[in-house]
Amino acid sequence: MSKFITGRGLTAAALTVGALTAAVAVPAAAADHDHRAKRPSVEISRVQYDSPGRDTRSNRSLNKEWVEITNNTRRAVNLDGWTLRDEDGHTYTFRHYRLDGRATVRVHTGQGRDTRSDVYQDRRNYVWDNRSDTATLRNDHRRFVDSESWGHHRHGGRH
């Protein structure tokens, strides 16, 4: 006994398959939407690792080498005890510093007077290697927050 599908039956079958496909596709699309990379709450947003001009070790030249830390949330974040470190172990520790919501602080290598938007490591030598290095930000519990790398990864060697 042979069965024939009429035009009406074919349309009903196509609609059923379409509805099942849509039901399966919507949750998958929703799942993809939920797994998009979220912007970190606090991040290393920019790095000026090569001080413009000649490396003279003057305080002015040292302060043109910096790392920016940005708070992407609306609330202030207490950075007291947070650290910013290079591959060779040079570490800057934030002391009594609160980063306002939607704000950025620039961490300069040289000496200066700390403000809301600029803090200073008070160093007399460059920290960030011009060829390759990694700036790593950790919170006061030593948990990884963010990092920014440039050049080839390597160990040892400075300017």
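The name that an unreviewed UniProt entry assigns to the protein chain is Lamin tail domain-containing protein, with the source organism given as Streptomyces violaceolatus.

A. Layout of the nonpolar core. By size, the foremost hydrophobic cluster in this structure holds 22 residues, and its most contacted members are Ile44, Ile69, Leu84 and Phe94. With three residues, strand E1 (residues 42–48) is the single largest residue contributor to this core. Contacts of Phe94, omitting those with residues within four sequence positions, involve Ile69, Leu79, Asp80, Gly81, Trp82, Val105, Val107, Val119 and Leu137.

B. Spatial organisation of the environment of Asp133. Relative to the helices and strands, Asp133 resides in strand E9 (residues 133–138). Residue Asp133 is classed as buried on the basis of its relative accessible area, which comes to 0%. Sequence-wise, Asp133 and Glu87 are 46 residues apart; in three dimensions their C-alpha atoms are separated by 6.0 Å. Here the side chain of Asp133 touches Glu87 through a polar contact of 3.0 Å, landing on its backbone nitrogen. From its side chain, Asp133 meets the backbone nitrogen of Asp129 in a polar contact 3.1 Å long.

C. Structural context of the sheet that holds strand E7 (residues 104–108). Spatially, the four strands line up as an open sheet ordered E1-E2-E7-E8, and their pairing is mixed. Two strands lie at the open edges of the sheet, namely E1 and strand E8 (118–120), each paired on one side alone. On average, each strand axis in the sheet is inclined to that of its neighbour by 25°, with strand direction left out of account. Inspection of the sheet shows E1 paired to strand E2 (residues 66–71) by six bridges, in the antiparallel sense. Opposite Gln48, over in E2, you have Trp66 as the bridge partner.

D. Examining the sheet that holds E9 more closely. Taken in spatial order, the four strands line up as E5-E4-E9-E10 in an open sheet, and their pairing is antiparallel. Of all the strands in the sheet, just strand E5 (91–93) and strand E10 (144–150) have a single pairing partner and so form its edges. Direction aside, the axes of adjacent strands within the sheet are offset by 15° on average. Looking at chain direction, E9 and E10 are connected through six bridges and run antiparallel. Counterpart to Ala135 in the pairing with E10 is Glu148.

E. Broad picture of unusual backbone geometry. Of note, the phi angle at His96 is positive, near 50°, even though the residue is not glycine. Looking at the element boundaries, His96 is found in the loop between E5 and strand E6 (98–99). A relative accessible area of 74% means that His96 is categorised as exposed. For Arg142, which is not glycine, the phi torsion reads 65° and is therefore positive. Here Arg142 is to be found in the loop between E9 and E10. Assessed through its relative accessible area of 72%, Arg142 is described here as exposed.

Basis of the calculations
Residues numbered from 1 in each chain as written. Predicted model: local features only at pLDDT ≥ 70, side-chain atom pairs only at ≥ 80, totals over all residues. Heavy atoms only, no water. Core = buried A, V, L, I, M, F, W, Y, C linked by side-chain atoms within 4.5 Å. Buried < 20%, exposed > 50% of the residue type's maximum accessible area, 1.4 Å probe, protein only. Helix = DSSP H or I, 4+ residues; strand = E, 2+ residues; numbered from the N terminus. Contact = heavy atoms within 4.5 Å. Polar contact = N/O pair within 3.5 Å; in protein donor to acceptor, adjacent residues only side chain to side chain. Pairing = 2+ DSSP bridges. Axes fitted to C-alpha atoms, helices over the stretch in contact; angles between N-to-C directions.

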